[in-house]
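Each chain, letter by letter, is given below.
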Amino acid sequence: MAEFDHGPWTVGEAEDETPVRKTGRERVGETLRDRILSGDLAPNARIDLDAVAEEFGTSRTPVREACLSLAQEGLVRVAQRSGVTVIGVSPETIMENFTLMAALSGVAGQWAAERITPRQLLRVRELHREIRVAVQSGDDFATLNWLFHREINKACASPRLQSMLGDAGRMIPRRFFDLFPEHVPCSMDEHDALVGALARGDGAAARQITEQHFEGAAQLLSAHINSLSSSASAN
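From a predicted model like this one, the values you see are computed outputs, not experimental measurements.

The rules behind these values
Residues numbered from 1 in each chain as written. Predicted model: local features only at pLDDT ≥ 70, side-chain atom pairs only at ≥ 80, totals over all residues. Heavy atoms only, no water. 1 Å grid on protein atoms, 1.4 Å probe; cavity = no way out; pocket = protein on both sides within 12 Å on 5 of 7 lines; lining within 4 Å. Points joined across faces, edges and corners; volume = space filled by probe spheres on them. Helix = DSSP H or I, 4+ residues; strand = E, 2+ residues; numbered from the N terminus. Salt bridge = Lys/Arg side-chain N within 4 Å of Asp/Glu carboxyl O. Buried < 20%, exposed > 50% of the residue type's maximum accessible area, 1.4 Å probe, protein only.

**Q** Would you mind going over empty space enclosed by the protein with me for this structure?
**A** A water-sized probe, rolled over the atoms, reveals where empty space remains. A complete count under the given rule lists one cavity of 30 Å³ or more for this structure. By volume, the largest cavity is sized at about 90 Å³. Lining of the largest cavity is provided by 11 residues; of these, S105, H149, I152, N153 and T210 occupy positions nearest its centre. Contributions of two or more residues to the lining of the largest cavity are made by helix 4 (91-115), helix 6 (142-155) and helix 10 (203-234).

**Q** Is there a simple way to think about the pattern of salt bridges in this case?
**A** Between side chains of opposite charge, pairing is possible as soon as their charged atoms come close. Following the criterion strictly, the structure yields 10 salt bridges and no others. Note that R123 and E126 form a salt bridge whose closest N and O atoms lie 3.4 Å from each other. On the criterion of helical spacing, the pair formed by R123 and E126 is a turn pair, its members being three residues apart in helix 5 (residues 118-137). Assessed through its relative accessible area of 27%, E126 is described here as partly exposed. By sharing partners, the salt bridges in this structure join R123, E126 and E130 into a single network.

The structure is reproduced here in structure tokens:
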């Protein structure tokens, strides 16, 4: 998953269904960002550039470039003498990230319900079925989930909104379902309701369902980060 943009709710801009291959800097940046957002890299942790470079089979240059990008996002601090230190995210920031993503995705869902073509709706239904089969069989469904939401966001027919969704999606952990597998059944039920709203052309329902899709997720991740912070303080 580190090699492609497979976020749980992220949208791509290209018209084909092939995930865009990333550069070394992008792969490193996405993986480190995900580890920070999910709490795997705690605040004040040091990032060893050599270790990360070895992990990705690259030189230090793309690792340093990735860290500089993360510094611009406020996730790490880069200093000449002390190296790269994780700043991390607070539960409040997580709620803010999910709130922004929910608002944008809700609008996309509403517009998609009003504008989706029969061919796009057919593809959404196919992906929905494939996700359910993958979940039931225990297979990795991350790519299918990415394609499902991507198809809906494409159906909103707004390149500007798709671009905004891509920016917001970077601040949502790609490993969300790995962290909270118990959220998968709820997510599948919400997918059921969303597909139904799209089929009916019910924009208001599609928007409400999409926004609710994020509420429980935000609470789970916020509590997770808060728990990690409490444990670190206790130690």
